[in-house]
Structure formats: structure tokens, C-alpha cells
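One letter stands for each residue in the lines below.
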Amino acid sequence: MTTSTAPEAGHTAQVELAIGGMTCASCAARIEKKLNRIDGVSATVNFATEKAKVSYGAGVEVADLIATVVRTGYTAEEPRPPEPEPPAVSAEPSDGPQDRPGRGEDGPDALRHRVLVSLALSLPVVVLAMVPSLQFENWQWLSLTLAAPVVVWGGAPFHRAAWTNARHGAATMDTLVSIGTLAALGWSLWALFFGDAGMPGMRHGFDLTVSRAAGSSSIYLEAAAGVTTFILLGRFLEAKSKRRAGAALHALLELGAKDVAVLRDGREVRVPVGELAVDDHFVVRPGEKIATDGTVVEGESAVDASMLTGESVPVDVVVGDAVAGATVNTAGRIVVAATRVGADTQLARMAKLVEDAQNGKAEVQRLADRVSGIFVPIVLLIAVGTLLGWLGATGDATAAFTAAVAVLIIACPCALGLATPTALMVGTGRGAQLGILIKGPEVLESTRRVDTVVLDKTGTVTTGRMRLRGVVTAPGTDEDELLRLAGAVEHASEHPVARAVADGAAERVGALPVPEDFISVAGLGVRGVVDGHKVLVGREKLLGQWSVELPGELASAKAAAEAEGHTAVAVAWDGEARGILLVADAIKETSAEAVAQLRALGLTPVLLTGDNRLVAESVARAIGVEEVIAEVLPEEKVDVVKRLQGEGRTVAMVGDGVNDAAALATADLGLAMGTGTDAAIEAGDLTLVRGDLRVAADAIRLARRTLTTIKGNLFWAFGYNVAALPLAAAGMLNPMIAGAAMAFSSVFVVTNSLRLRTFTAST
């Protein structure tokens, strides 16, 4: 929650500011540096999302933060208050108010118009300069007529931003572009009006590298116009790609329903979803979106939750089942009681997690930011040194000028600033589409080092619900009769084992009779009278109290079942043992496949549970896990994680319950099943919205691929600048080629990040 007033002493508040006027990573670094100089302030500025995330303490107000940004030469805005309907906000960069310098001066349409006009005017200039055979008499004057508007009007955003930054004692990428293009135009004007370049019949060759010629007869109109157009085009493509990078979060935020049919005094009243309150009952018809998180109180249906969980198969829901907002009702009419509204819903929390992750910075990016912050002043010095060096070595002013301009143009640090944020935007957005929520960039670095994955058993590997797995009858006993009588007695009990027996019996034999004289015997089982039969269901000890012994074949079946990790429930009636019911926590169908996928990622799986060792080893064998740690108390799970870390392992923990929260927080990487408790989800680094363990493998694969993309982007960005600057200073790059290469570097980084959109889940 944000506030515009200073927090109380000893407390901190957070605010997210929309920043306008940033044109490169050095801008973001300057703003971040200025904000962090304020006592009690910790700020992170993201160039790609154009946002500043600021934590501030007592004595600081949001107005102070905004004023600091404005004094630095940029604009900042407070977040707008929540709208009554779900916010149609996207993670794509805002074009912001029209008074923003640089990038904010042009919205998408205006920038497209500027690019098209500049391209149309500069193309003839470039062609005439590159093909001497096309140079007719006085061609240079036509080139000036076409090039001047490109440099002055087309490059106006660069010039305005450079001037604004200069007034605040700063230099950015716009400074380099503005100085370079205006210098090329100025040289050309001098050569045309005061030198020999304006003479009729003048011819001009073109060289990819620095060429030597008389300064008074050399013009650089094609460089001035071409560089301006190339950089405008690169900026337009970059902005367009960044919008695509943020499209997943935009789509996530747009998922919610806009209005809802609420039941008021027995009548349906359609109201904006923002007016829903907790405990309101609302109607959802087939094909409609469920307006908010709630519980089904009437009807049954199938719900398509693919947009939230990535699960392609609709899930059946009946009275008492929980449903999430933004999911789609595909079948029958249901009535839902709202349990969470607004920012508390699963959709809103997912969007917030994703947006927070996109605004974060990996450690590798912080190095890039530090480099970008000092890069532009260094480039200006290199340009001056190149000019003086060439003049001193050759005395050739034309070659010296060309090399210096190429240095100014080639050295844009934009790619450095975009390397991490764009990959994070795409990676976290794609993860959200697949039901994987990455909490921050530091999580990505953890996934690379993990070598051991600890799997909580109940609710993670297994369903967490006991189910009837088998029936063993004594000779002469009918299986259906056994299930009917045992199920009838167990139906009156709330014990998880009893519920498993009752539900399993009902599935197999249909409706169950109502027992008489039902009694629950604590710790042993239940007894009652069904259709005139005195029925006992429970432990062998309960039967012993009524002098009923298990015959040899049932005793052997019970021992074998318990050895396999099943719970054996004895059934007797009319003084005789009739059979054994086998109950177990069902293993999820996908758990074995998930373990195989985790192994393929180089991870060693470990099964962790509070259950007895026989049960744990049975489950472990079924899913292919060799290392088992069983009979662990909830508070001891943290000690297990620490012990594994003490053995030199880097541990990931997958869990879903309150008793897993501390272990998730202690592990090097915590993966919380989204079907679990809020405590577990808050403690995890990665949240898996779906209760399918295969998603854990997908999450680690996606996180690793995102980190690999970030490193590839940074390698390209650093390598580009390290290689290009010496080439330009050595006179091996024409300024126009330098401009094209610089524009391409930013587009390449963003496009490389967009490849993460093709990531596919194994499920």
C-alpha cells in the first residue's frame, strides 16, 4: 500500500513511482543514485518498466521523492488510486505525460510518424551519398534540404533530452546522439557555405571506414540523417518489443470479470465487480467468468482455470469447493459466496508477485547499472581523445572528426540497461501464464546452484487425502456387502480414514444405509448396528475387545498391506471378522514423472515426511526416490534442511503446508504449491499455482532459462561496447554504420528476451 505522508518513526513505507524521461540505463542509474542519497530511502529504478520502487522512513514524504526526481531532470508520478473495476494497467512502458523529456515526448503513434517521415527523407540522402554515379549537379543541396529536417525535427527528442540533462549537469545517451548528429550537420553546413562542398559538380565517395579528404569539401549529411533515422527506428522497435515483453502481465491483469450478478433479496442485480463484498452471493452462468475468489454454495459445474494455473482440463466443482476469480464456468449454473475481493484475490496477488519480480534487479544487472552510470562521461572523453589523437597523428581534420562522431554514436549503453529487465518481464510473464510465479530476480540465481530437492510428502507428492485402495474379504463374504456395512458405519464419522472408507464404499455400491446406535471409540474405530448386524470397523484391537480374532489369511493380508505403507482397517459383524479395507494417501499420478524430470535437471530428490518409515519408503519406491527422511516432526523440517546444507548441498524445498513454511524460507530455493496455505506461499521463492509436482521442474527450467537469457544479453551488451568503441576510435566505422549497429544492439537484446515466450511446460 502506498501513502503520500511520512511513515511513523521506526516504520517504513513503500511507493512505486512512474518515471518519465529516461532514455538509457545511465538515466535510471542517476535517478537511483539521487534517491538513495536521501536519508532513510532505498530505491530501485527499472529502465525497462520505467518505474521506481522506493522504501522510505520517517521524515520522508512521497512529495520529497518526486521533487528529487524532478530536480534530477525527469518526471515522476504518484500511483493513481484504485479504480472501481479491475485496473486495465499493463507492464509495458508508459508513454506518460507530454512534458516528459526524451522518450516521453513521443507516444507510440507520434514516434511511428517521426520514424516514417525521417526514413522517407533520409533514404534519398543515403543513396546519393553511397552511389557516386547518382550524384547529379548540385545534388548536395538536395541532400541538405532533405537531411536538415531529419536532424532538426526527427532528432528533436534527442536534442531536447540532451538540453534538459545538460541543464542538470548530466550527460546521457541522448547527449551522445545529439552532439554527434548536430556536429555532422554543422560540419556539412560549414563545408557547403564556406568551403568547396557547395560547388556545382562536387562528387562524394562513400567508405565503411574513415576516409581522408579535404575537410572543406567533405559533407556528412548521410551520417547525420542516417544515424538519426536508425536510432529513431531502433527506439521504436525497442518500445514495441518491450510492450510485447510486458503483454503477459497485461493479459493477466485484464483477466478479471468487469461486472457480476449479485443476489440481493432473492433477485439478481448486476453490479460492477468493484462493488462486491466478502460474503456476497453471486450467480455464474455457463461461459461467464467467476468474478472473485469464493466458495460454491449452490449447483455444480466444471471450471476452466487454465488462465491462472496452466491446467488445460476443466476441474469439476460442487457445493463447498473453492473457486478462483477470473476462471471460467464451463457447464452448469452455480452460486458462489465471495471469500476474497479486490487486492486479496488470487489473480490480484499473482499480478502483484509478477510485477514485483519484474521491478527487481539481479546481482548481475547491478554491475551493468554501475557501468552505465559512468559510461557516457567516459565516452565523451574518449571522443575528445579520438579527435585530438587523430589530429595529432595525421593532421587530417576530416578523418579525426569522422572517428570522433563514430565514437559518440556507437557507444549507447541502452542494451546494458535492457538486458535484465526485458528478460525478467518476459520470463515472469510467461511463468504466470503457466501457473509459475517467480518472486524476484535473485531467485533465478538460486536455481542455477541447486543440486538437491526436498519433497514434502503429504499434499505435494501425494494428494493429502486418504482413499480406499483395496478390499480383502474372508472366505464366504461378499465384497459389496462388506463395503455397504462398513461404509454405513464409517459414514457417521469425521475421521479422514473413515471418510476414505465411506466415500470409497459409496462409489462402488451406491447409497449407504443409516446406522443405528453409532459409537466412536477414540483411537480404535467405530461400531454400530446396520440392518440388524452389529458392525465393528477399526483397528484389530477394537475387534479384540469384542473377542473377535482375525483369521490367518486376513492377518497375513493386514501385515502385507502395512508393509506397503497402507492403513489396514478391520471389519467384523455378528461376532466374526469379515475382511480388511486398505486405505492410503493416494500418490498423485504425475509425481513419478515429476521426479524423473527433476533428476534430468541434475537434482537429487529427497522425500521428507512425518509419516512412519514404512509408509514413506512405500511412497518413495512408487515415485523413484532413493533417499527418505521419515518420522520428522514439523519443527524438525528446518533442521533437516540445515543438515543437508551443512553437507555442502544447495537445497530446494517443495511444500504446501503451514508446517513447511519455515523450511521453505530456510532452503536456498523454496517452491510453494499454490494449492497449499498462504503461509507456505509467502515463504516460497517460487509459487506453483497448480498442485502438480511436474510444475516444480518446469519452474526450475524456466528460471534457469531466464537467467541464461539475462547472461546472454549482458554478454552481448558488454561485448558490443567493448568491441565497438576501439573500432570506432581506430577509424574503422563510418558514423552511419555505427548508428545502425547501436540501434541493432538494443533491438537484439529485447528480441532475444522475447524468445522466452516460446517456453513450453512439460504438462
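Cut-off values and rules
Residues numbered from 1 in each chain as written. Predicted model: local features only at pLDDT ≥ 70, side-chain atom pairs only at ≥ 80, totals over all residues. Heavy atoms only, no water. UniProt positions renumbered as here; feature names shortened; annotations may be inferred. Helix = DSSP H or I, 4+ residues; strand = E, 2+ residues; numbered from the N terminus. Buried < 20%, exposed > 50% of the residue type's maximum accessible area, 1.4 Å probe, protein only. Phe/Tyr/Trp six-rings, centres within 6.5 Å; stacked < 30°, edge-to-face > 60°. Salt bridge = Lys/Arg side-chain N within 4 Å of Asp/Glu carboxyl O.

Looking at an unreviewed UniProt entry, one finds the protein named Copper-translocating P-type ATPase, with Streptomyces coffeae as its source organism. UniProt annotates the protein under Subcellular location (unreviewed entry) with the comment "Cell membrane". According to its UniProt record, the protein has this under Sequence similarities (unreviewed entry): "Belongs to the cation transport ATPase (P-type) (TC 3.A.3) family. Type IB subfamily."

(A) Quick peek at unusual backbone geometry. Backbone geometry places aspartate 279, a non-glycine residue, at a positive phi of 80 degrees. By the element assignment, aspartate 279 lies in the loop between strand 6 (267–272) and strand 7 (281–284). On the basis of relative accessible area, aspartate 279 is assigned to the exposed category, the value being 60%. Backbone geometry places alanine 326, a non-glycine residue, at a positive phi of 80 degrees. Relative to the helices and strands, alanine 326 resides in the loop between strand 11 (322–323) and strand 12 (328–329).

(B) Representation of the UniProt feature "transmembrane region" (unreviewed entry) in the protein in the model. Using the residue numbers shown here, the UniProt feature "transmembrane region" (unreviewed entry) corresponds to residues 115–135, 141–163, 175–193, 213–234, 371–393, 399–420, 714–730 and 736–754. Along residues 141–163 one finds 96% helix and 0% strand; the C-alpha atoms at either end are 29 Å apart. Taken as a whole, residues 175–193 contains 100% helix and 0% strand, while its terminal C-alpha atoms sit 26 Å from one another.

(C) Examining the packing of aromatic side chains more closely. Considering all chains together, one arrives at four aromatic pairs under this definition. When the ring of tryptophan 187 is compared with that of tryptophan 190, the centres are 6.1 Å apart and the planes differ by 65 degrees; the resulting orientation is edge-to-face. You can see tryptophan 187 and its partner tryptophan 190 sitting in helix 6 (residues 173–194), three residues apart, about one turn around the helix. Classification of tryptophan 190 as partly exposed rests on a relative accessible area of 41%. Chaining the aromatic ring pairs together yields one cluster made of Trp187, Trp190 and Phe401.

(D) Up close: the pattern of salt bridges. Scanning all chains against the criterion turns up 21 salt bridges. Ionic pairing is found between arginine 333 and glutamate 298, a salt bridge with its closest N-O pair at 3.2 Å. Of the two residues, arginine 333 sits in the loop between strand 12 and strand 13 (334–340) while glutamate 298 sits in strand 8 (residues 293–298), which places them 35 residues apart along the sequence. Here glutamate 481 and arginine 484 are joined by a salt bridge, their closest N and O atoms 3.5 Å apart. Of this pair, glutamate 481 and arginine 484 both sit in helix 16 (residues 479–490), three residues apart, which is roughly one turn of the helix.

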